[in-house]
Amino acid sequence: MPNETILSSRIVPVPEAGRVLVFDSGMGGLTVAREIMARAPGIAVDYAADTGFFPYGDKSDAALRERLPEIASRLVDAARPDVFVIACNTASTLALDQVRAALSIPVVGTVPAIKPAAAESQSGVIGLLATPGTIRRQYTADLIRDFASHVSVILHGSIELVRLAEAHAAGEPYDANGFAEAQRPLFEAEGGDQLDTIVLACTHFPLVRDQLAAAAPRPVRYIDSGAAIARQTLRVLFRQVDGRSATEMPGGRVFLSGPPADSERLVKVCRRFGFGTAIGLDDTAHAENRSAHI
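Being a predicted model, the structure only gives us computed values, none of them experimental.

Colleague: I'd love a proper account of the sheet that holds strand E7 (residues 125-130), names of residues and values included.
Modeller: Ordered by their spatial adjacency, four strands build an open sheet running E8-E7-E9-E10, and the pairing between neighbours is parallel. Strands at the two margins of the open sheet, each flanked by one partner only, are strand E8 (152-157) and strand E10 (221-223). Going from strand to strand, the sheet's axes swing by 25° on average, the running direction of each strand aside.

Colleague: How would you explain helix H6 (residues 138-147) if you had to name every residue and give the values?
Modeller: Those residues of H6 lying buried are Thr140, Leu143 and Ile144. Mapping the buried residues of H6 onto a view down its axis gives an arc of 95°, with all of them on the same face. Counted as exposed and oriented over 90 degrees from the buried face of H6: Gln138 and Arg145. For H6, the elements touching its buried residues are helix H3 (89-102), helix H4 (114-120), E7, helix H5 (132-136) and E8.

Colleague: Give a description of the pattern of salt bridges that names residues and reports values.
Modeller: Side chains that differ in sign of charge can pair as their charged atoms come close. Using the criterion set out here, one finds 16 salt bridges in the structure. For the salt bridge of Arg184 with Glu188, the shortest nitrogen-to-oxygen distance reads 4.0 Å. Here Arg184 pairs with Glu188, and both are found in helix H8 (residues 177-188), just four residues apart, close to one helical turn. Judged by its relative accessible area of 58%, Glu188 is exposed. Salt bridges sharing common partners tie together Arg19, Asp46 and Arg253.

Procedures and definitions
- Residues numbered from 1 in each chain as written.
- Predicted model: local features only at pLDDT ≥ 70, side-chain atom pairs only at ≥ 80, totals over all residues.
- Heavy atoms only, no water.
- Pairing = 2+ DSSP bridges.
- Helix = DSSP H or I, 4+ residues; strand = E, 2+ residues; numbered from the N terminus.
- Axes fitted to C-alpha atoms, helices over the stretch in contact; angles between N-to-C directions.
- Buried < 20%, exposed > 50% of the residue type's maximum accessible area, 1.4 Å probe, protein only.
- Arc of directions from axis to C-beta.
- Contact = heavy atoms within 4.5 Å.
- Salt bridge = Lys/Arg side-chain N within 4 Å of Asp/Glu carboxyl O.

Limitation: the analysis is restricted to geometry and does not speak to function.
Structure representation (structure tokens):
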């Protein structure tokens, strides 16, 4: 009988074999990787960051739609995972279907936690804190229409909060006042005085959940989709590897679309999360990887 974990009143099978590759543009997806590893310590988890195209927040939709299936294919060829996890709201809301079409393995996407936030709000007013790209996309509007039409949703996009989260994770100096500024528009908007729940709709933002809470003008609940992504990943992985013997090669690799030497901060943070070998994909020679042990 497989190991099982009970999460949110649901039993989720925990696979004892298999490999997962968690992908983001930068370091935000590490929050999702952490959730997966905590629930299934026996599987191999690798990480990937599109450092050669970071940040996604200032790229056009057309450029990202072209980029994402191609880089996903290259990363999967290099890492050989059983499941590919897009731990990025921007990428998921824009190109999830295109990535799935490009890969021969299951793909788990990231959906802003609008549905649970709307269901659990007591005041009927929730906030969505994301990147500007996620805020403006039709995918997000459809989620609000389908799952939050009975509540008021206040939206705000912040690129600066991504920068603050990365600086905090890397142990670098930052302006702590930025956490109040990043969420101030949610509280000052019409109906903001009734706001009781904020959806952290960027995987970077859980890195600074405590800082956001401390800087908020009053107590509110912050909710993200990390645990839900982990549960779905384990369900999908279990179906993929059921009956397979334990994975021989451990996880802990981080694949970068640019040279590791150009991403020292990210490499340092990845090490803190347990990803100790950085591998840079050569942009001109797909078959040759440059590796650096940390």
